[in-house]
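Architecture at a glance
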Amino acid sequence: MIEELSQLDSTGWNNLPKSWPDSLRRVLAARGITDESDLLYALADLPAPQQLMGMDDAVLVLATAIQQQQKIMIVADFDADGATSCTVAIRGLQAMGAQAVAYIVPSRFIHGYGLTPELLADIPLQDQPDVLMTVDNGMSSVEGVAAANIRGMQVVVTDHHLPGKSVPEAAAIVNPNQAGDRFPSKNLAGVGVCFYVLLGLRTYLREQGWFEKQSITEPRLTDLLDLVALGTVADVVPLDKLNRTFVQLGLARMRRGQVGAGLQELLNVAGKSLAELSASDLGFAIAPRLNAAGRLEDMRLGIDTLLSDDVAVAQSFAMQLDDLNKQRRVVEQDMQQQAQTMLDAMPKLQQGEAQPLGYCLFDESWHQGVIGLLASRIKTQQHRPVIAFARGDKGEVKGSARSVEGVHIRDVLAAMASQAPDMLSRFGGHSMAAGMTLLEQDLPRFEALFLQVLAERVSPETLLQKTITDGTLTGTELTLPLADTLSQFVPWGQGFTAPLFQGVFTVVAWRLVGQDQNHLRLQLQHPEQTVSITAMAFGEIRPTWLETGGEVFVCYRISVNTFRGERNLQLLVENLFPATAMED
């Protein structure tokens with residue numbers, strides 16, 4: 001089903017400056033932007049740190065640790081949000097005068113997620129910190145925090161994940177999603193929460209006269225916004241006004257060349273130019289390379305890359321991450337083929353029979369670090385909640401879930417856990433993604449209950465696949481300047497989606513490209529233009545009906561393709577149909 005967003009909600013676009021292209025005004029108005037002030041991004045306009053519940057307690061613990069030169073250890077997570085959060089915390093605390101700041105990050109293969117007793121056991125007694133600060137984790141670490149308390153450590157939890165039935169007995173918890181918190185945005189990534197804690201800490205230390213007494217230059221926390229932007233985009237949190245501010249200000253700094261050595265080298269190996277950097281570059285080029293460390297080996301490599309100030313060292317680390325990402329692609333491709341074989345082997349639907357409401361997929365050879373990506377791919381293909389499982393230790397399997405709009409996957413798991421607490425005791429996540437651990441022998445029971453709960457909570461209409469576009473572009477609108485404007489004007493992402501247009505084009509030429517001939521390259525001509533435009537369809541789009549000279553209905557995004565210094569307009573194809581199939 002194709003719907004035009006600009007027709008569904010286009011009120012207010014006439015209030016935007018008439019000097020802006022009409023197409024841009026329509027796109028912004030359809031996303032709720034009806035005044036130019038909605039696009040002004042400044043840290044001074046954001047909610048105050050003290051609006052976060054637990055901020056005063058967290059600041060007091062951290063300030064005392066800095067002033068008394070206590071040992072602080074950051075407990076990171078093994079994804080890009082966790083890596084950027086860890087780097088932001090270390091750099092921020094050191095800039096405020098902390099002398100002994102270290103970090104520890106769990107291995108997803110050994111420790112599992114978050115602060116656990118097993119992770120604490122890996123900290124030698126001589127290195128035991130006075131304060132543990134979790135970043136992008138900790139809300140579900142009830143046992144881990146209890147173990148830290150027994151060992152005499154204070155724990156400050158900074159997290160953004162939804163809480164479970166029990167919360168850890170930490171010295172402080174800062175999480176906009178904890179019960180009773182009235183912070184106006186519930187969409188902060190872990191790195192955003194961490195940055196807010198640093199803002200609160202700096203204010204407290206300034207009021208105490210700490211910087212003046214210690215002859216320390218008060219830190220400019222804006223120097224960390226490149227990392228905050230990366231972590232925010234990488235974690236695919238909704239880009240509300242607060243998160244768009246973080247991303248836009250971070251991108252602005254990076255485009256001016258104000259970027260750390262590690263991130264700069266990651267951009268170099270990805271072939272991305274700072275001057276033209278966009279939010280999608282962070283999400284699709286940088287985040288996967290950073291995540292590859294946590295998926296295949298150890299996220300310490302990713303964190304050390306971001307922490308590095310030595311260009312040569314950062315370059316070496318970035319090249320290692322690039323190699324790991326290439327390995328990840330091979331592993332993911334193999335798993336995706338195996339998953340597709342499973343789907344193809346399922347009984348064919350009879351006439352009138354509904355597609356399953358969700359899928360649980362498992363293969364004993366699958367890689368724990370890649371099942372989240374696999375679940376995401378299958379979710380997109382089937383437009384159903386998907387949980388992919390990989391074998392763990394001691395007869396357990398670890399699952400990674402990805403969901404679709406309208407199906408809150410963590411709530412689904414919570415409902416399952418209430419009915420079968422013996423089967424599903426460890427899980428966590430949020431509306432669109434979650435993780436869990438259970439016994440392999442319970443998989444059939446888990447799948448049956450999963451489908452049962454979905455049937456109780458989800459209507460078939462929720463799972464109807466819709467493509468919502470921003471309408472058509474005229475021949476005078478479909479230009480390189482518009483592509484430039486859209487890529488730089490605002491940060492696009494989750495909840496503030498990049499414009500998707502539709503239109504009928506003539507196929508001038510087409511061919512399969514890529515190492516495995518799995519991408520489609522087309523030359524398309526707009527009916528109001530005399531020259532063709534290159535269009536790329538990546539992955540699954542391989543129509544057998546395609547003919548040179550024929551007309552196609554295309555849903556596409558516009559982008560700038562830079563090759564050997566030459567910049568050209570390019571269409572990125574999302575959907576492709578025969579033009580006749582879309583006629584009323």
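Just so we're clear, the structure is a prediction, and the values are computed from it rather than from any experiment.

What about the overall build of the protein?
Of the regular secondary structure elements, the protein holds 18 helices and 17 strands. Relative to its length of 584 residues, the protein is compact, with a C-alpha radius of gyration of 25 Å against a globular reference of 25 Å. Reported as C-alpha extents along the three principal axes, the dimensions of the protein are approximately 75 × 60 × 45 Å. Sequence separation of 24 or more characterises 68% of the internal contacts of the protein that already satisfy a separation of 6 or more. Carbon together with sulfur atoms contributes 49% to the accessible area of the protein, which is approximately 26,000 Å² in total.

Brief notes about the packing of helix 3 (residues 55–67) against helix 7 (residues 190–207)
One way to put it is that helix 3 packs onto helix 7 with a least axis distance of 9 Å and a crossing angle of 65 degrees. Where helix 3 crosses over helix 7, the two elements pack in a sense that is right-handed. Between helix 3 and helix 7, the contacting residues are Met 55, Val 59, Leu 60, Leu 62, Ala 63, Ile 66 and Gln 67 on the first element and Tyr 196, Val 197, Gly 200, Leu 201, Tyr 204 and Leu 205 on the second. Considering only residue class, the contact of helix 3 with helix 7 consists of 11 nonpolar, two polar and no charged.

Section: the packing of aromatic side chains
On inspection of all chains with the given rule, the structure shows 10 aromatic pairs. For the ring pair Phe 195 and Phe 246, a centre distance of 5.5 Å and an interplane angle of 85 degrees mean the geometry is edge-to-face. Here the residue Phe 195 occupies a position in helix 7, and Phe 246 occupies one in helix 10 (residues 241–255), the gap between them amounting to 51 residues. Neither residue differs from the other here; Phe 195 and Phe 246 are each classed as buried. Look at Trp 492 and Phe 496: their rings are 5.4 Å apart centre to centre, the planes differ by 15 degrees, and that puts the pair in the stacked class. In this structure, Trp 492 and Phe 496 share a single accessibility class: buried. Members of the aromatic cluster, connected to one another through ring pairs, are Phe 183, Phe 195, Tyr 196 and Phe 246.

Some points on the pairing of strand 15 (residues 533–538)
Counting buried residues in strand 15 gives five out of six residues, a clear majority hidden from the surface. Pairing geometry for strand 14 (residues 519–525) and strand 15, over six bridges, is antiparallel. Opposite Leu 522, over in strand 15, you have Ala 535 as the bridge partner. Pairing analysis gives three bridges linking strand 15 to strand 17 (residues 566–578), with the strands arranged parallel. Residue pairing in the sheet places Met 536 in a bridge with Leu 572 of strand 17.

Some thoughts on the sheet that holds strand 11 (residues 433–439)
Spatially, 7-8-9-11-10 is the arrangement adopted by the five strands of the open sheet, whose pairing is mixed. In this open sheet, the two edge strands, each paired with only one partner strand, are strand 7 (359–362) and strand 10 (426–429). Geometrically, the sheet is characterised by an average inter-axis angle of 20 degrees between neighbouring strands, direction not taken into account. Examined bridge by bridge, strand 7 and strand 8 (residues 386–391) share four bridges and lie parallel to one another. Bridged to Leu 361 within strand 8 is Ala 388. Contacts from helix 17 (residues 443–457) reach strand 7, strand 8, strand 9 (396–402) and strand 11, with the element oriented near 160 degrees to strand 7.

Re the packing of helix 9 (residues 225–234) against helix 10
Packing of helix 9 against helix 10 brings their axes to within 8 Å, and their N-to-C directions diverge by 130 degrees. Compared by their axis directions, helix 9 and helix 10 come out oblique. The crossing of helix 9 and helix 10 is left-handed. For the pair helix 9 and helix 10, the contacting residues are Leu 225, Asp 226, Val 228, Ala 229, Thr 232 and Val 233 in the first and Asn 243, Phe 246, Val 247, Leu 249, Gly 250, Leu 251, Arg 253 and Met 254 in the second.

Looking at the side chain of Ser 400
Following the sequence through the fold, Ser 400 ends up in strand 9. On the basis of relative accessible area, Ser 400 is assigned to the buried category, the value being 10%. Within the local environment of Ser 400, its side chain forms a polar contact with the side chain of Arg 402, the two groups lying 3.0 Å apart. Apart from the residues within four sequence positions on either side, Ser 400 is in contact with Ile 371, Gly 372, Ala 375, Val 386, Ile 387, Ala 388, Ala 434 and Met 436.

Considering the environment of Leu 274
Inspection of the secondary structure assignment puts Leu 274 in the loop between helix 11 (261–269) and helix 12 (279–296). For Leu 274, a relative accessible area of 16% corresponds to the buried category. Each C-alpha atom, one on Leu 274 and one on Gln 264, is 8.4 Å from the other, the two residues being 10 residues apart in sequence. Contacts of Leu 274, omitting those with residues within four sequence positions, involve Met 254, Arg 255, Gly 257, Val 259, Gln 264 and Leu 267.

Details of the pattern of salt bridges
Two side chains carrying opposite charge are able to pair once their charged atoms lie near each other. In total, this model carries 23 salt bridges according to the counting rule given. A salt bridge links Arg 91 to Asp 309; its shortest N-O distance comes to 3.0 Å. With a gap of 218 residues between them, Arg 91 in helix 4 (residues 80–95) and Asp 309 in the loop between helix 13 (300–307) and helix 14 (311–345) connect regions that are remote in the sequence. For Arg 91, a relative accessible area of 24% translates into the label partly exposed. Among the salt bridges present, the one from Glu 364 reaches Arg 391, with a minimum N-O distance of 3.3 Å. On the criterion of sequence distance, the pair formed by Glu 364 in the loop between strand 7 and helix 15 (371–382) and Arg 391 in strand 8 is long-range, its members being 27 residues apart. Put simply, Arg 202, Arg 206 and Glu 218 are held in one network by salt bridges that share partners.

A look at the nonpolar core
Of all hydrophobic cores here, the largest spans 134 residues; its most connected members are Ile 74, Leu 93, Tyr 196 and Ile 558. It is helix 7 that provides the largest number of residues to this core, a total of 10 residues. Dropping the residues within four chain positions of it, Ile 558 is found in contact with Leu 473, Leu 478, Leu 482, Ala 483, Leu 486, Phe 501, Leu 569, Gln 570 and Leu 571. Of all hydrophobic cores here, the second largest spans 28 residues; its members include Ile 387, Ile 409, Val 453 and Leu 454.

Concerning the sheet that holds strand 15
Ordered by their spatial adjacency, five strands build a closed barrel running 13-14-15-17-16, and the pairing between neighbours is mixed. For this sheet, the mean inter-axis angle between neighbouring strands, taken without regard to orientation, is 45 degrees. Packing against the sheet, helix 18 (residues 480–489) makes contact with strand 13 (501–513), strand 16 (551–563) and strand 17, and its axis sits at approximately 75 degrees to strand 16.

Focus on helix 11
Count 3.6 residues to each turn of an α-helix, and residues three or four apart come out pointing the same way. Within helix 11, seven of the nine residues are buried, leaving the element largely enclosed by the surrounding structure. Every buried residue of helix 11 is listed here: Ala 261, Gly 262, Leu 263, Gln 264, Glu 265, Leu 266 and Leu 267. Each element contacted by the buried residues of helix 11 is listed here: helix 9, helix 10, helix 12, helix 13 and helix 14. One or two positions beyond helix 11, positive phi appears at Gly 271, with a value near 70 degrees.

The rules behind the values
Every chain is numbered independently, its residues counted from 1 as its sequence is written. A pLDDT threshold of at least 70 governs which residues receive local features in this predicted model, and a stricter bar of 80 or more applies before side-chain atom pairs are shown or counted, although totals over entire chains, interfaces and linings include all residues. As a rule here, side-chain values come from all non-hydrogen atoms in the structure, and water together with hydrogens is ignored. Elements are defined by DSSP. Helices are runs of H or I of four residues or more, strands are runs of E of two residues or more, and each kind is numbered from the N terminus. Our radius of gyration looks at C-alpha atoms and nothing else; its globule reference is 2.2 Å times the residue count to the power 0.38. Contact between two residues is taken to exist if any of their heavy atoms lie within 4.5 Å; hydrogens are not considered. Accessible surface is estimated by sampling points in the Shrake-Rupley manner with a 1.4 Å probe; for residues, cover comes only from the protein chains shown. Only the stretch in contact is used when a helix axis is fitted, and all axes are lines through C-alpha atoms; the angle between N-to-C directions ranges over 0 to 180 degrees. Crossings are classed by handedness, with left-handed meaning an anticlockwise turn of the near helix from the far one by less than a right angle and right-handed meaning a clockwise turn. Three classes are used: nonpolar for Ala, Val, Leu, Ile, Met, Phe, Trp, Tyr, Cys and Pro, charged for Asp, Glu, Lys and Arg, and polar for all others, with Gly counted as polar. Between the rings of Phe, Tyr and Trp (Trp by its six-membered ring), a pair exists once the centres lie within 6.5 Å; its type follows the angle of the planes, with under 30 degrees stacked, over 60 edge-to-face, and the other angles tilted. Per-residue accessibility, obtained with a 1.4 Å probe over protein chains only, is compared with the maximum for each type, and a residue is labelled buried under 20%, exposed over 50%, and partly exposed between these values. Strands are labelled as partners when DSSP assigns at least two bridges between them. Oblique is the label for any angle not covered by the other classes, which are roughly parallel (under 35 degrees), roughly antiparallel (over 145) and roughly perpendicular (65 to 115). Between N or O atoms, a polar contact is any pair within 3.5 Å; within protein, one atom must be a potential hydrogen donor and the other a potential acceptor, and residues adjacent in sequence are included only when both atoms are from side chains. Whenever a carboxyl oxygen of Asp or Glu lies within 4 Å of a side-chain nitrogen of Lys or Arg, that contact is scored as a salt bridge. Remark: nonpolar core denotes a set of buried residues (Ala, Val, Leu, Ile, Met, Phe, Trp, Tyr, Cys) joined through side-chain atoms within 4.5 Å.

Function cannot be read off these values alone, since they describe shape.
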